[in-house]
Amino acid sequence: MEYPVETGQPSQIHIEEGLTSTQAVLQQRRDGLAQRLRDGASASEVVAGFTDLVDSVLIARYCSVLRQHVGDFPVGLQQCCLVAVGGYGRRELSPYSDIDVMILYHDGGGNVVQTLSKEVLHHLWDLGFQVGHSVRSIQDCLMVAEEDLAVKTALMESRFLSGGATVFQEFQRRFSRRVLGHRVGSFIRDKVEERHREYEKFGETIYLLEPNIKKTKGGLRDLHLLQWVGMAKYQASTLLDLADRGILAHQDYAALVEAREFLWKVRAFLHLEAGSAQEI
């Protein structure tokens, strides 16, 4: 698969216009998403629309920083890339979701990553986003993923945004061979046990007055667990992949998509009404 250095997304935002104008555009787009929901748009449209919006902000900022420093780090810039991970990697952002990003670099890129991290990620904080971030070499990713279940899961869902595409391609090849190819059974057991611990903490019944839309039993995490198992065991990245390959019955797939649409819509309304990442 080929990855463009600069991904073109709908309604690209040019953040060079300034912090205040970008904040205004973000709020305008959030207001527009809220109205679309009230007018009957599907939650999947809203989730995709907000993810595209954040992609535009991030890619525009990253490319702007590259242009500013191309003379300072002519080689190192090609050894780095910007990657979405976790829920952002899955393209499942609600209007006030945390943004999980990673600056990934290869040998030779280490001299530029701190500059990229500071000038790209700090801008997100200034815009009001809650940002989960990491700066890792390919080798760092492999080592940490083998020891940390949460990191391994987040990296499974990595999605290229901008920068050196060959760096991301190499990461995917090595991650798939070294991390995903081993101990699949233990990974699945660990994720199931992790989910049961969440049931104990957030609610083991679907009949709660104030459930957590993500982590209570019957919440989005159950769908995520199914996707993670599909990725690890069958290299199927989506529910549709599982259905198309006959691993998931099509009637079950349809029921899951309907449930996900309901949960996404509830979550989007929670975020928009609270003006923050409200999950209860």
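Keep in mind that this is a model prediction, so the values were computed, not measured.

Rules used throughout
Residues numbered from 1 in each chain as written. Predicted model: local features only at pLDDT ≥ 70, side-chain atom pairs only at ≥ 80, totals over all residues. Heavy atoms only, no water. Helix = DSSP H or I, 4+ residues; strand = E, 2+ residues; numbered from the N terminus. Contact = heavy atoms within 4.5 Å. Areas by Shrake-Rupley, 256 points an atom, 1.4 Å probe, with all protein chains shown as cover. pLDDT = per-residue confidence, 0-100. Disulfide = S-S within 2.5 Å. Phe/Tyr/Trp six-rings, centres within 6.5 Å; stacked < 30°, edge-to-face > 60°. Buried < 20%, exposed > 50% of the residue type's maximum accessible area, 1.4 Å probe, protein only. Lys, Arg positive; Asp, Glu negative; His and termini not counted. Salt bridge = Lys/Arg side-chain N within 4 Å of Asp/Glu carboxyl O. Expected span 1.5 Å × (residues − 1). Axes fitted to C-alpha atoms, helices over the stretch in contact; angles between N-to-C directions. Parallel < 35°, antiparallel > 145°, perpendicular 65-115°, else oblique. Left-handed = near helix turned anticlockwise from the far one by under 90°. Pairing = 2+ DSSP bridges. Core = buried A, V, L, I, M, F, W, Y, C linked by side-chain atoms within 4.5 Å.

(A) Region of the structure containing the overall build of the chain. Of regular secondary structure, the chain possesses 11 helices and four strands. A separation threshold of at least 6 residues defines the contact pool for the chain, and within that pool the share at least 24 residues apart is 71%. A total accessible area of about 13500 Å² is found for the chain, and carbon and sulfur atoms account for 51% of it.

(B) The confidence of the model for the chain, seen in detail. Chain-level statistics for the chain give a pLDDT mean of 86 and a share of 89% at 70 or above. Per-element confidence in the chain ranges from a low mean pLDDT of 84 for helix α1 (residues 19-38) to a high of 95 for strand β4 (residues 159-163). Ignoring residues within four places in sequence, the model shows residues 1-16, a span with pLDDT below 50, making 44 contacts including any to other chains.

(C) Summary view of the state of the cysteines. Throughout the structure, instances matching the rule amount to zero disulfides. No disulfide involves Cys141; its nearest neighbouring cysteine sulfur is the one of Cys81, lying 9.2 Å away.

(D) Structural detail: the packing of aromatic side chains. Within the structure shown, the criterion is met by three aromatic pairs. Between Phe171 and Phe175, the ring centres sit 5.5 Å apart and the planes meet at 40°, which makes this aromatic pair tilted. In this pair, Phe171 and Phe175 are both assigned in helix α7 (residues 165-180), four residues apart and thus about one turn of the helix distant. Take Phe175: its relative accessible area is 3%, and that puts it in the buried class. Ring-pair connections join several aromatic residues into one group, and the members of that group are Phe160, Phe168, Phe171 and Phe175.

(E) Structural view of the side chain of Lys214. Considering the arrangement of structural elements, one finds Lys214 in the loop between α8 (184-202) and α9 (220-234). We note that Lys214 is buried and unpaired, the nearest opposite charge coming from Glu279 at a distance of 5.1 Å. Lys214 has contacts with Arg195, Gly219, Leu220, Arg221, Arg267 and Glu279, leaving out every residue within four places of it along the chain.

(F) Geometry of α7. Between its first and last C-alpha atoms α7 spans 21 Å; for 16 residues at 1.5 Å apiece the expected length is 22 Å, and the two agree. Within α7 the residues assigned to the buried category are Ala165, Val167, Phe168, Gln169, Phe171, Phe175, Val179 and Leu180.

(G) Layout of the environment of Arg267. Structurally, Arg267 is set in helix α11 (residues 250-274). On the accessibility criterion, Arg267 (9% relative accessible area) is buried. For the pair Arg267 and Lys214, spaced 53 residues apart in sequence, the C-alpha to C-alpha distance is 8.6 Å. Sequence-distant contacts of Arg267, defined by excluding residues within four places in its chain, comprise Glu92, Ser94, Ser97, Ile213, Lys214, Leu220 and Glu279.

(H) Summary view of unusual backbone geometry. The residue Arg91 is not glycine, and still its phi comes out positive at about 65°. Mapping Arg91 onto the fold places it in the loop between α3 (86-89) and β2 (99-105). Within the chain, Gln235 stands out as a residue other than glycine whose phi angle is a positive 55°. Its location among the elements puts Gln235 in the loop between α9 and α10 (239-244).

(I) Region of interest: the packing of helix α6 (residues 149-156) against α7. Where α6 contacts α7, the axes come no closer than 11 Å and their chain directions differ by 135°. Classed by the angle they form, the pair α6 and α7 counts as oblique. Crossing geometry of α6 relative to α7 is assigned as left-handed. Along the contact surface, α6 presents Lys152, Leu155 and Met156, while α7 presents Phe171, Phe175, Val179 and Leu180.

(J) How the structure looks around the sheet that holds β4. Taking strand neighbours across the sheet as the criterion, the four strands line up as β3-β2-β1-β4 in an open arrangement whose pairing is mixed. Edge strands, defined here as strands with exactly one partner in the open sheet, are β3 (131-137) and β4. Between one strand axis and the next, the sheet turns by 25° as a mean value, whatever way the strands run. Its contacts with the sheet place helix α2 (residues 43-69) against β1 (80-84), β2 and β4, and it is angled at close to 30° to β4.

(K) Just the pairing of β2, in detail. Buried residues dominate β2, accounting for six of its seven residues. Across five bridges, the pairing between β1 and β2 is antiparallel. The residue bridging Ala84 from the neighbouring strand is Val101, located in β2. For β2 and β3, the ladder comprises seven bridges, and the chain directions are parallel. Residue pairing for β3: Ile103 is matched across the bridge by Val135.

(L) Broad picture of the nonpolar core. By size, the foremost hydrophobic cluster in this structure holds 36 residues, and its most contacted members are Val54, Leu58, Tyr88, Ile99, Leu116 and Phe129. Among the secondary structure elements, those contributing two or more residues to this core are α1, α2, β1, β2, α4 (113-126) and α11. Considering each element in turn, this core owes the most residues, 11 residues, to α2.

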